[in-house]
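# Observations on chain architecture
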Amino acid sequence: MAEPRISSIDGKLAEEFAVPSHVEEVKEKMAAFAGCHTAAGRRVVLITSGGTKVPLESRTVRFLDNFSSGRRGAASAEYFIDSGYAVIFLHRHRSLYPYSRMFLTINMLDALQFRGEEGASSNTGEVVVDQQVLPNIAKVLKRYHEVKDGELLLPIEFSTLSEYLHLLKAAAQALSTIGSKAMFYLAAAVSDFYIPASEMPEHKIQSSNGPLQLSMKMVPKILSPLVKEWAPQAFVTSFKLETDATILLDKARRALDTYRHQAVVANVLDSRRGYVVVVTPETQAELILTEEDVKNEVEIEERIVSNLTSAHNKFITQQVV
Ligand code: PAZ
């Protein structure tokens, strides 16, 4: 595969993807977060999570969305924090969030009750949580507050592909200051296609004009400048999602050959909750949840994070020698 030209990628980013107005402010926040946690002896992981949105019109009514619930990223954030990392969580607005992800399927109003009969008859009665509807809420809430008080999680939101690309670049540049202590865990589902701003219709596309025909350009491969230029000393893990299992490992290997980063987590859409392969230039580790694991509510993200934190340890040691 031909290696993408980095200068052309940088130029394209600036020209064809709108720069979010708060990008410099966020970059400073991320650099300060990384500096303060590494000074305290922690490593820092940048997790990307959720799917990007690509508008089809400038005044957007329709868009192309990449599938991802954000569960992989949100669950992994918790396991990284448990392993001693500080986490920058670059996630799609309203996708799953660490800790609260566990209560996604519950209607908040079903989990609340008035205390006593009196409360129920007024608009100002005291409201309490029904712990039968929210099992484990006290344990999760305690951990959430520990993480919040320790400022171990820095959430940053994106919605569109443009926001994602510029914020990831800013994150990479911010984390370059901490060298090999930074890890990138790129679990977001990112569009391969986009319509440049100059070619996008301003107004809602009209169905009266007949069937819709789209011509989209290829999104620049941002992994290339990230690895080679923006954060060259960091440990970088990308994710590869396929629906056809027969091409998965080949594509994961090709990504490693092309971008020369440290690991690819390969997964198939339907089996991603119970089976992934972590591919590195030298190794290939299958991570599988057994029926027993599932019964015990073990999550595959715990195994992925354990595998990668060990690899990151080794990587840091090799850099020091
Ligand atoms: O967010 P989720 O838990 O529903 O799914 C996770 C995932 C499949 C998006 C992730 O594991 C992944 O493979 N991300 C990269 C996707 C890609 O190749 O574009």
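Since we're looking at a predicted model, the values are computed, not measured. (Residues numbered from 1 in each chain as written. Predicted model: local features only at pLDDT ≥ 70, side-chain atom pairs only at ≥ 80, totals over all residues. Heavy atoms only, no water.)

### So, unusual backbone geometry
How we decide: Comment: elements are numbered from the N terminus, with helices defined as DSSP H or I runs of at least four residues and strands as E runs of at least two. Only protein chains enter the accessibility calculation, which uses a 1.4 Å probe; a residue is then buried when its area is under 20% of its type maximum, exposed when over 50%, and partly exposed in between.
The backbone of Arg94 shows a phi angle near 70°, a positive value even though the residue is not glycine. Note on placement: Arg94 falls in the loop between strand E4 (85-92) and strand E5 (112-114). Given the relative accessible area of 77%, Arg94 is considered exposed. With a phi close to 70°, Asn136 is a non-glycine residue in the positive phi region. Along the chain, Asn136 falls in the loop between strand E6 (127-129) and helix H5 (137-149).

### Topic: the layout of surface pockets
Applied cut-off: Throughout, the protein atoms alone are placed on a 1 Å grid, and a set of points is a cavity if a 1.4 Å probe fits but cannot get out or a pocket if it is open with protein on both sides within 12 Å along at least five of seven lines; lining residues have an atom within 4 Å of a point. Grid points are joined across faces, edges and corners, and a volume is the space filled by probe spheres set on the points. For this classification, Asp, Glu, Lys and Arg are treated as charged, while Ala, Val, Leu, Ile, Met, Phe, Trp, Tyr, Cys and Pro are nonpolar and the rest, including Gly, are polar.
Size it by volume and the largest pocket reaches roughly 1200 Å³. Elements with a minimum of two residues in the lining of the largest pocket: helix H3 (71-82), helix H6 (161-175), strand E11 (235-242), helix H8 (245-259) and strand E12 (263-268). Its volume calculated, the second largest pocket comes out at about 780 Å³. Lining the second largest pocket we find 23 residues, and of these Tyr79, Arg101, Met102, Glu297 and Glu299 sit closest to its centre. Mapped onto the lining of the second largest pocket, the elements with two or more residues apiece are H3, H5 and helix H10 (300-320). When residues of the lining of the second largest pocket are assigned to their parent elements, the largest contribution, four residues, is made by H3. Of the residues contributing to the lining of the second largest pocket, the split by class is 12 nonpolar, one polar and 10 charged.

### Section: the site of the ligand
For clarity, the cut-off: Only a single heavy atom is needed: when it lies within 4 Å of a molecule or strand, its residue is near that molecule or strand. Between N or O atoms, a polar contact is any pair within 3.5 Å; within protein, one atom must be a potential hydrogen donor and the other a potential acceptor, and residues adjacent in sequence are included only when both atoms are from side chains. Being in a pocket or cavity means that more than half of the molecule's atoms lie within 2 Å of its grid points.
What surrounds the ligand is a group of 15 residues, the closest being Ser68, Ser69, Gly70, Arg72 and Asn267. Between the ligand and the protein, one listed contact pairs an oxygen atom with a backbone N or O atom of Gly70 at 2.8 Å. Taking Asn267, its side chain carries an N or O atom lying 2.7 Å from an oxygen atom of the ligand. The cavity that encloses the ligand is the largest pocket. Contributions of two or more residues to the shell around the ligand are made by H3 and E11. Counting residues per element, the shell around the ligand draws most heavily on E11, at three residues. By residue class, the composition of the shell around the ligand is six nonpolar, four polar and five charged.

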